[in-house]
Amino acid sequence: MNVLELNHVYKSFARSDSNGVTQAVSDINFSVNDGEFLSIVGPSGCGKSTIMRLIAGLIFPTAGTITLNGEIIKGTDTERGMVFQKPTLFLWLTVEENLNFTATMKKQRHNPDYMAEAERLLELAGLSEFRHDFPHQLSGGMAQRLALIRTMINHPKVFLLDEPLGALDAFTRMNMQDEILKLWQRSKHIVLMVTHDIDEAIYLGTRIIVMAPRPGRIRADLRNDMPYPRARTSDEFLQWRKKVLELLNFGQTIN
Ligand code: ADP
């Protein structure tokens, strides 16, 4: 069982225009286990990306600790895979070469188990027929699906998704939400997903963390036990919507 723990985590950044500092996040505490899907919502600037980058090991806390299975995170590692809003693909490599990049580096590319899994993921992402295409030949949805499976193939214990569907149109986005759910339900590893889309957070998360800005902190950490697949139009879903909007101070009706 994998356990990710954030304990009294603070992160501040030096401001370039003065001697001051920006307190990006303040006293963040939570613990996530295998099988949990954490949706993180909050206004811009409340520290969502900072939390993801801290867990990825791209930056380090100013105070507090972040541990995976009791070990302090000391840098990046394929056990914590991150997918960004803009798919960060290698533009000079084909779909297949992008997918297999890490395996090629580790000389595991021709391992039969690996090859079978790569094939399965290409199929799942609907990219089998496009394996020889280059990123510029793909649609936004296809490129993002490739970015997702390229991270998945490394079997990360923690999957970090930083607003990965933000650049997609509404319909592609809803289809991709189902893809992500399928991938997670198969692996049941830890997923943390930042989103600005409240419906997306409710549709996907077993937990919803609502953040508040200046300094970035956790306002609420809610368990979402609605069974999957979730109906976006059910009464329960709409109740959730109301609750999250109220926590974000968008709950008032305008007369
Ligand atoms: P969010 O993802 O919720 O929009 P961020 O984590 O990107 O928020 O940013 C939180 C705060 O930290 C913001 O005020 C932002 O300007 C500041 N910040 C983030 N990264 C840096 C950095 N590398 N240098 C200076 N300030 C930063």
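Because the structure is predicted, anything quoted here is derived from the model rather than measured. (Residues numbered from 1 in each chain as written. Predicted model: local features only at pLDDT ≥ 70, side-chain atom pairs only at ≥ 80, totals over all residues. Heavy atoms only, no water.)

**Description of the overall build of the chain**
- Helix and strand counts for the chain stand at eight helices and ten strands.
- For the chain, whose C-alpha radius of gyration is 19 Å, the value lies close to the compact-globule estimate of 18 Å for 255 residues.
- With respect to the three principal axes, the spread of C-alpha positions in the chain is 55 × 45 × 40 Å.
- Counting only residues that meet the buried cut, the chain has 47% of its 255 residues in that class.
- Taking as baseline every contact in the chain between residues at least 6 positions apart, the subset at least 24 positions apart corresponds to 68%.
- Carbon together with sulfur atoms contributes 53% to the accessible area of the chain, which is approximately 13000 Å² in total.
- Taking the average location of the 29 positive side-chain charges in the chain and that of its 29 negative ones, the two points are 5 Å from each other. (Helix = DSSP H or I, 4+ residues; strand = E, 2+ residues; numbered from the N terminus. Rg over C-alpha atoms; globule rule 2.2 N^0.38 Å. Buried < 20%, exposed > 50% of the residue type's maximum accessible area, 1.4 Å probe, protein only. Contact = heavy atoms within 4.5 Å. Areas by Shrake-Rupley, 256 points an atom, 1.4 Å probe, with all protein chains shown as cover. Lys, Arg positive; Asp, Glu negative; His and termini not counted. Charge placed at Lys NZ, Arg CZ, Asp CG, Glu CD.)

**Side note on the sheet that holds strand β9 (residues 207-212)**
- Taking strand neighbours across the sheet as the criterion, the six strands line up as β6-β7-β8-β3-β9-β10 in an open arrangement whose pairing is mixed. Here the strands that pair on one side only, and so sit at the sheet edges, are β6 (80-83) and β10 (217-223). For this sheet, the mean angle separating the axes of adjacent strands, direction not counted, is 15°.
- With four bridges connecting them, β6 and strand β7 (residues 158-162) associate as parallel partners. Bridge assignment links G81 to a residue of β7, and that residue is F159.
- Packed onto the sheet, helix α1 (residues 48-56) meets β3 (37-41), β6, β7, β8 (190-194) and β9 and runs at close to 150° relative to β7. (Pairing = 2+ DSSP bridges. Axes fitted to C-alpha atoms, helices over the stretch in contact; angles between N-to-C directions.)

**Side note on the sheet that holds strand β2 (residues 21-33)**
- Ordered by their spatial adjacency, four strands build an open sheet running β2-β1-β4-β5, and the pairing between neighbours is antiparallel. The open sheet has two edge strands with one neighbour each: β2 and β5 (71-72).
- Across five bridges, strand β1 (residues 3-14) lies against strand β4 (residues 63-68) in antiparallel orientation. Its bridge partner lying in β4, N7 is registered against T65.

**As for the packing of aromatic side chains**
- With the rule as written, the count across this model stands at four aromatic pairs.
- Taking 4.4 Å as the distance between ring centres and 45° as the angle between the ring planes, the aromatic pair formed by F90 and F101 counts as tilted. In this pair, F90 sits in the loop between β6 and α2 (95-99) while F101 sits in helix α3 (residues 101-105), placing the two residues eleven residues apart along the sequence.
- With a relative accessible area of 23%, F90 lands in the partly exposed category.
- On the accessibility criterion, F101 (30% relative accessible area) is partly exposed.
- Taken together, a centroid distance of 5.7 Å and an interplanar angle of 65° make the contact between W184 and Y228 edge-to-face. One end of the pair, W184, is in helix α6 (residues 170-187); the other, Y228, is in the loop between β10 and α8 (235-247), with 44 residues separating them in the sequence.
- Against the face of Y228 rests R230, its NZ or CZ located 4.1 Å from the ring centre.
- We note K243 situated over the ring of W240; from NZ or CZ to the ring centre the distance is 4.4 Å. (Phe/Tyr/Trp six-rings, centres within 6.5 Å; stacked < 30°, edge-to-face > 60°. Lys NZ or Arg CZ within 6 Å of the ring centre and 35° of its normal.)

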